[in-house]
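Per-entry structural report
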Amino acid sequence: MSEKKLTSSRRHHLKSLILQIALNWIEQEKKENVLTKEAHMAEHCPPPDTSGDQAALMEMCRKIHAAIDKIDEERYDAEAKVQKADKEIEDLKIKVVDLRGVKKPALKKVRMSADSMLQALLGSKHKVTMDLRSNLKQVKKEVKEEPTEAVGDWRKNIEDKADRKKMFETS
């Protein structure tokens, strides 16, 4: 086919033709469904024979009720199976999601002062300031002076440690 673009009128014409063909197919399918339904009903459900006495009609009603009960039981069993299968499918879907895990979106960093955060949480009616530094106590730093006596002759310290070592060895 050539590389030319279809004009809008040609495109609309082709689209309407396709829709007409599809409409004809749907109508044919409906007619075929009606015919197959009638053939199935004629084959499986012959018209009831209403001629006869009352006892025969009562027997026929009992048979029909028994058949209805049997079909209802089968339908109920089929629905129970479907519901059980649906529940298993949902459980498996949940397990798949649990195993795969849920991706948490990356949170955006927002620069917000404490005052504006409180105002956003509490609303504009409440006037709260979050100036925490104003509530702090003033503390004076004290400089610790190390005693100069500790810095002495290193030989003396070694002798003191040797005396301790002897004390542990004798006991």
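So, here's what we can say about the structure. Please read all numbers here as calculations on a predicted model, not as lab measurements.

Below, the discussion takes up a nonpolar patch on the surface. The grouping of Val110, Met112, Met117, Leu121 and Leu122 at the surface amounts to a nonpolar patch, some 510 Å² of accessible area in total. Along the chain, Leu121 falls in helix 3 (residues 114–122). Judged by its relative accessible area of 66%, Leu121 falls in the exposed class.

The grouping of Asp69, Glu73, Glu74 and Asp77 at the surface amounts to a negative patch. With relative accessibility at 53%, the residue Glu73 sits in the exposed group.

The next thing to look at is the pattern of salt bridges. Close approach of charged atoms lets side chains of opposite charge pair. One pass over the full model with this rule turns up three salt bridges. Across the pair Arg75 and Asp72 runs a salt bridge whose closest N-O atoms are separated by 3.6 Å. Residue Arg75 and its partner Asp72 are located together in helix 2 (residues 54–100), separated by three residues, close to a single helical turn. On the basis of relative accessible area, Arg75 is assigned to the partly exposed category, the value being 44%. Residue classification places Asp72 among the partly exposed positions, given a relative accessible area of 33%. Among the ionic pairs, Glu79 bridges to Arg75, the shortest N-O distance being 3.2 Å.

About the thresholds
Residues numbered from 1 in each chain as written. Predicted model: local features only at pLDDT ≥ 70, side-chain atom pairs only at ≥ 80, totals over all residues. Heavy atoms only, no water. Patch = residues over 30% accessible without salt bridge, like charges linked within 9 Å, V, L, I, M, F, W, Y side chains within 5 Å. Areas by Shrake-Rupley, 256 points an atom, 1.4 Å probe, with all protein chains shown as cover. Salt bridge = Lys/Arg side-chain N within 4 Å of Asp/Glu carboxyl O. Helix = DSSP H or I, 4+ residues; strand = E, 2+ residues; numbered from the N terminus. Buried < 20%, exposed > 50% of the residue type's maximum accessible area, 1.4 Å probe, protein only. Lys, Arg positive; Asp, Glu negative; His and termini not counted. Charge placed at Lys NZ, Arg CZ, Asp CG, Glu CD.

Bear in mind that shape data such as this cannot, by itself, settle questions of function.
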